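# Structure assessment
Below are the chains, spelled out letter by letter.
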Amino acid sequence: MSAESVRPSRFNPPFCPWPDCPAHRARGQGFVRWGSYRKPSDFRRIPRFRCRDCKRTCSRQTFSTTYYLKRPSLLVAVASGLAACSAHRQISRSFHCAKTTVTRMADRLARHAILFHARCRRELPVLIETIVHDHWELFIGRQDRALGVGTAVGSESWFVYDVDPAPHRGSGRRPDRRKDERATITPNRSYLESIKRTFSGLIPHVPQDQPLTCIVDGRLDYTVALRDERLKDRVHLRIFPNPKRGPKGTPRSAEAIERDYAMFPVDQLHQLFRHTCADHKRETIAFGRRLESILGRAHLLAVWKNFIKSRSERRPDRTTPAMRLGMTSTRWRWERVLARRLFPKRETISATAHAIYQKRCSPGLPELHLKHAA
């Protein structure tokens, strides 16, 4: 139930919205009514309250995802448009608003998706299925600033468990440069840290007497990452190397068929991301400008895939990945996802997700790095 649907006479703040108040995360002394005001958009009366602990005031609108919005009805429409491969200008033309309005709403939706995904991670059941993990490549602004987005997907439920960035220098392919056959393959530090963060976040959900089984490709960074003392005894890898493939249309080899079958859940997610986001398509010049925007929209699409989109559109299976895990019994809509505002101090988010939420990820040259991210 959304905050707007509760009658003003029956609404009571569940907690104090101020982060430094002792009643923000614990039970406080309650609230007292402190007048009301009318919204400029629809002139509805919004009740106000005063916290008995910190003596600060708040309103019912404070607990809504449409706080400070002049056109609150656009939030669900923008979320649906972003999940349907619509650009910001296309959405603004459809709903007769400014392009900057859509951009600001996209940032708000991204922050909400990060916190929503963190809450889902906290309420995950015991992890007993195999995880399929892989990175998909894209660019930040230009082709020499590359970004690998690590995605962990359940092999049976197709639930997106984690989205983690691995910014690095792009390959810089140029026609006047030839590939050095004598070059050795070395591990990439950014990929190593991304893999370690993902595996470390999933291990607490696995029973103590069982390892975390992960299906990965033949990337060297996975075996190097398991040299860590915290991971080598808790993670078991099933490696399916990427085989050499012929020209488009040629039959696949037996190794390629085995690899595609094992890695299908994550490959299907990457194809869905590239289909949904114009700046992630291959052979495009529409690159995302900021790492935070790219990762925020990736979290938004992960929430859409986990709770709103059916697991398969070709088969009569209309269940969602969250329904397969038992986290919900029905398919959700955007109105339910955006029913209540989430606060970062009340959610358990990783250091990397917190840096993305606060927009403290700084791409620098010659090497991209994450500031304050563990």
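Residues numbered from 1 in each chain as written. Predicted model: local features only at pLDDT ≥ 70, side-chain atom pairs only at ≥ 80, totals over all residues. Heavy atoms only, no water.

### As for the nonpolar core
Within the largest apolar cluster, 84 residues are counted, with the highest numbers of intra-cluster contacts made by Tyr161, Phe199, Leu212 and Val235. No other element matches the 11 residues that helix α8 (residues 291-308) contributes to this core. Every residue in contact with valine 235, bar those within four places of it in the chain, is listed here: Phe199, Ile203, Leu212, Cys214 and Leu226. With 13 residues, the next largest nonpolar core counts Phe11, Cys21, Ala23 and Phe343 among its residues. (Core = buried A, V, L, I, M, F, W, Y, C linked by side-chain atoms within 4.5 Å. Buried < 20%, exposed > 50% of the residue type's maximum accessible area, 1.4 Å probe, protein only. Helix = DSSP H or I, 4+ residues; strand = E, 2+ residues; numbered from the N terminus. Contact = heavy atoms within 4.5 Å.)

### Thoughts on the sheet that holds strand β1 (residues 31-38)
One open sheet holds the 3 strands; their spatial order is β1-β2-β3, and the pairing between them is antiparallel. The sheet terminates laterally at β1 and β3 (57-59), the two strands that pair on one side only. Going across the sheet, the axis of each strand differs from the next one's by a mean of 30°, ignoring polarity. Judged from the 6 bridges that link them, β1 and strand β2 (residues 45-51) form a sheet pairing that is antiparallel. Looking at the pairing, valine 32 lines up with arginine 50 of β2. (Pairing = 2+ DSSP bridges. Axes fitted to C-alpha atoms, helices over the stretch in contact; angles between N-to-C directions.)

### Describing helix α1 (residues 74-83)
Counted residue by residue, α1 has 8 buried out of 10 residues, so it is predominantly covered. On its buried face, α1 is in contact with α2 (88-95), α3 (99-122), α7 (264-276), α8 and α10 (334-337). Taken from the residues just after α1, cysteine 85 is the one with a positive phi, measuring 70°.

### Examining the confidence of the model for the protein
With 90% of its residues at a pLDDT of 70 or more, the protein has an overall mean of 87. Under a pLDDT of 50 for its full length, residues 363-369 has, in the predicted model, 13 contacts with residues more than four places off or in other chains. (pLDDT = per-residue confidence, 0-100.)

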